[in-house]
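One letter stands for each residue in the lines below.
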Amino acid sequence: MSATLFSFLFAITILTITPGFDTALVLRTAIAQGWQRAWATALGVTLGCLLWGIAVGLGLGALLMASEIAYNLLKWLGAAWLCYLGVRLLVTPRQQSPAVAQPAVRQQGYLACFSRGLMGNLLNPKVGVFYVTFLPQFIPAGASVALWCSLMALAHMLLGLVWNAVLIGGSHFFAGHLQKPAVLKVMDRLTGCVFIGFAAKLALSRR
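All values reported here derive from a predicted model rather than from experimental measurement. (Residues numbered from 1 in each chain as written. Predicted model: local features only at pLDDT ≥ 70, side-chain atom pairs only at ≥ 80, totals over all residues. Heavy atoms only, no water.)

Tallying secondary structure elements over the protein gives nine helices and zero strands in all. N-terminal to C-terminal, the α/β element order of the protein is α-α-α-α-α-α-α-α-α. Across the 207 residues of the protein, 42% fall into the buried class. For the protein, contacts bridging at least 24 residues in sequence account for 86% of all contacts bridging at least 6. Carbon and sulfur atoms provide 73% of the accessible area of the protein, an area that totals close to 10700 Å². (Helix = DSSP H or I, 4+ residues; strand = E, 2+ residues; numbered from the N terminus. Buried < 20%, exposed > 50% of the residue type's maximum accessible area, 1.4 Å probe, protein only. Contact = heavy atoms within 4.5 Å. Areas by Shrake-Rupley, 256 points an atom, 1.4 Å probe, with all protein chains shown as cover.)

So, in structure tokens, the structure goes:
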């Protein structure tokens, strides 16, 4: 049992620290809008992992493996969402730091940041496919699949929060240098290109 749990934690740690859309989203929010809203985004992302784990435990994740239509539908919705975020950053990059912006447009709300992180995770079917193929390997014989999938997803969520704390803390250190208007504009457009790249990768991906 201990060897199985160690293997799971090792594998899930590698997965967590591997750069991806979630990492780019949290970092961009931290630098652009501060650590508080970055935490709202990180909570949305990690809650998405927990919800995927619960869904897989209840058997819903298997639908993505069995149904080509369900998988493609969620894949295209996810790609469209990432593309929307990317295009918006390319078309309307910020012209000034949130610290000097007008109050009406200064910051996105916490709920908006949270929703963006949550939807970015839930609309990525590869997370569900990964869970449905990965988690069962670590479930003890005769144990409750729903319970163990939920607990392992919870462990992934907590580990993700720890890693996001590192990312947000590091970005806060460099925030003062990265909030110059010219830098903000370039950073937003680069981030937009990254998001569009992830959208294309997801749209062209196969199970």
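Moving on, we get to the side chain of Arg116. Tracing the chain through its elements places Arg116 in helix H6 (residues 110-122). Residue Arg116 is classed as buried on the basis of its relative accessible area, which comes to 6%. Setting aside anything within four residues of it in sequence, one finds Arg116 in contact with Leu25, Arg28, Thr29, Gln33, Thr41, Trp81, Leu85, Arg88 and Gln108.

We now examine the nonpolar core. By size, the foremost hydrophobic cluster in this structure holds 20 residues, and its most contacted members are Phe8, Tyr131, Phe134, Leu135 and Met152. Residue assignment for this core shows that the elements contributing at least two residues are helix H1 (2-17), helix H3 (35-57), helix H7 (125-134) and helix H8 (145-174). The dominant element in this core, judged by the number of residues it contributes, is H8, at five residues. Among the nonpolar cores identified, the runner-up in size contains 11 residues, and Phe21, Ala79, Leu85 and Phe195 belong to it. (Core = buried A, V, L, I, M, F, W, Y, C linked by side-chain atoms within 4.5 Å.)

With that settled, consider the environment of Leu161. Topologically, Leu161 is positioned in helix H8. Judged by relative accessible area, which is 16%, Leu161 ranks as buried. Setting aside anything within four residues of it in sequence, one finds Leu161 in contact with Trp39, Ala42, Leu43 and Thr46.

With respect to the helices, strands and loops of the structure, Ala155 is situated in helix H8. Note on Ala155: relative accessible area 26%, which makes it partly exposed. Sequence spacing of Ala155 and Ile12 is 143 residues, and the spatial spacing of their C-alpha atoms is 8.8 Å.

Time to look at the UniProt feature "transmembrane region" (unreviewed entry) in the protein. The UniProt entry lists residues 42-66, 73-91, 128-148, 155-174 and 186-204 under the feature "transmembrane region" (unreviewed entry), expressed in the numbering used here. Measuring from the first to the last C-alpha atom of residues 186-204 gives 27 Å, for a span that is 95% helix and 0% strand. (UniProt positions renumbered as here; feature names shortened; annotations may be inferred.)

Applying the stated rule across the entire model yields zero aromatic pairs. Above the face of the Tyr110 ring, Arg37 is positioned so that its terminal group lies 4.3 Å from the ring centre. (Phe/Tyr/Trp six-rings, centres within 6.5 Å; stacked < 30°, edge-to-face > 60°. Lys NZ or Arg CZ within 6 Å of the ring centre and 35° of its normal.)

Note: predicted coordinates in regions of low pLDDT should not be interpreted at a detailed level. Per-residue pLDDT for the protein averages 78, and the proportion of residues at 70 or more is 82%. When pLDDT is averaged over each element of the protein, H3 comes out on top at 92 and helix H4 (residues 61-66) at the bottom at 65. (pLDDT = per-residue confidence, 0-100.)

A surface patch of nonpolar side chains, amounting to about 430 Å² of accessible area, comprises Phe6, Phe10, Ile14 and Ile17. Structurally, the position occupied by Phe6 is in helix H1. (Patch = residues over 30% accessible without salt bridge, like charges linked within 9 Å, V, L, I, M, F, W, Y side chains within 5 Å. Salt bridge = Lys/Arg side-chain N within 4 Å of Asp/Glu carboxyl O.)

Attention now goes to the packing of helix H2 (residues 21-33) against H3. Direction vectors running N to C along H2 and H3 enclose 160°, while the axes themselves pass 7 Å from each other. Classified by the angle their axes make, H2 and H3 are roughly antiparallel. Every pair of crossing elements has a handedness; the one defined by H2 and H3 is right-handed. Note on element contacts: H3 touches H2 through Trp35, Arg37, Ala38, Thr41, Ala42 and Val45, opposite Asp22, Leu25, Val26, Thr29, Ala30 and Gln33. Tallied by class, the residues present in the contact of H2 with H3 amount to seven nonpolar, three polar and two charged. (Axes fitted to C-alpha atoms, helices over the stretch in contact; angles between N-to-C directions. Parallel < 35°, antiparallel > 145°, perpendicular 65-115°, else oblique. Left-handed = near helix turned anticlockwise from the far one by under 90°. Nonpolar A, V, L, I, M, F, W, Y, C, P; charged D, E, K, R; others polar.)

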